[in-house]
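Structure assessment
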Amino acid sequence: MNIPEKVKILYKEYTVEEQENLHDGGKELYGQIHYLSEKIMLNTNSSDKQKEATFLHEIIHGLDEMYCIGLKEKQVEKLGTALYILLQDNPKMFGENL
Ligand SMILES: [Zn+2]
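A brief structural summary. (Residues numbered from 1 in each chain as written. Predicted model: local features only at pLDDT ≥ 70, side-chain atom pairs only at ≥ 80, totals over all residues. Heavy atoms only, no water.)

Some remarks on the coordination of the zinc ion
Note the following rule: Coordination partners: N, O, S within 2.8 Å of the metal, 3.2 Å for Na, K and Ca; water not considered, so apparent gaps in a site are possible. To sort residues, take the accessible area from a 1.4 Å probe on protein chains only and compare it with the maximum for the residue type: under 20% means buried, over 50% means exposed, and anything in between is partly exposed.
Bound to the zinc ion are the protein donor atoms His57 (NE2), His61 (NE2), Glu73 (OE) and Glu73 (OE), situated 2.0 to 2.7 Å from the metal. Here His57 falls in the buried class, since its relative accessible area comes to 14%. Judged by its relative accessible area of 40%, Glu73 falls in the partly exposed class.

What about the environment of Glu20?
Put simply, the test is: Strands here are runs of E lasting at least two residues and helices are runs of H or I lasting at least four, both read from the DSSP assignment and numbered beginning at the N terminus. Note on definitions: a residue-residue contact is assigned when non-hydrogen atoms from the two residues lie within 4.5 Å.
Among the structural elements, Glu20 can be located in the loop between β2 (12-19) and β3 (23-24). A C-alpha to C-alpha distance of 9.8 Å links Glu20 and Tyr30, two positions 10 residues apart in sequence. Here Glu20 is in contact with Thr44 and Asn45, once residues within four sequence places are set aside.

A short note on the pattern of salt bridges
The following threshold applies: A pair is scored as a salt bridge if a Lys or Arg side-chain nitrogen falls within 4 Å of a carboxyl oxygen belonging to Asp or Glu.
For the structure on display, the rule yields four salt bridges. Between Glu77 and Lys74 there is a salt bridge; the shortest N-O distance is 3.4 Å. Of this pair, Glu77 and Lys74 are both found in helix α2 (residues 73-89), three residues apart, which corresponds to roughly one turn of the helix. Of the residues examined, Glu77 reaches a relative accessible area of 34% and is grouped as partly exposed.

Quick notes on the side chain of Ser46
The line we're drawing: Under this definition, polar contacts are N or O atom pairs within 3.5 Å; protein pairs additionally need one hydrogen-donor-capable and one acceptor-capable atom, and for neighbouring residues in sequence, both atoms have to be side-chain atoms.
Along the chain, Ser46 falls in the loop between β6 (39-43) and α1 (48-66). Ser46 sits in the buried class, given a relative accessible area of 12%. Separated by 2.8 Å, the side chain of Ser46 and the backbone oxygen of Asn43 make a polar contact. Setting aside residues no more than four positions away along its own chain, Ser46 makes contact with Tyr30 and Lys51.

Observations concerning the side chain of Thr54
By the element assignment, Thr54 lies in helix α1. Within polar-contact distance, the side chain of Thr54 engages the backbone oxygen of Gln50 at 2.7 Å. The residues touching Thr54, leaving out its near neighbours within four places in the chain, are Tyr30, Gly31 and Leu42.

Printed below as a string of structure tokens:
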């Protein structure tokens with residue numbers, strides 16, 4: 001997967017950035033989405049695969065917020081994993097040479 005520098009969700013354009021020491025309170029995070037400043041943060045220290053999975057997870061949060069779906073965190077986690085596996089199992093689905 002190519003993690004892009006920007007992701008558009010309806011009229012919002014999220015900038016994707018990496019950051020060390022990503023925390024929420026005392027807990028270290030893999031990623032975080034900021035709806036107001038339109039940023040998706042990924043923890044620099046996580047593996048490439050973890051970054052990809054986290055990136056999808058944060059996008060689902062972004063979709064949930066934009067389209068008022070009302071997902072719970074557990075549902076976002078499960079959808080994120082499901083999408084990640086779907087993309088791995090069907091690598092050409094969103095490829096450029098379709
Ligand atoms: Zn989450």
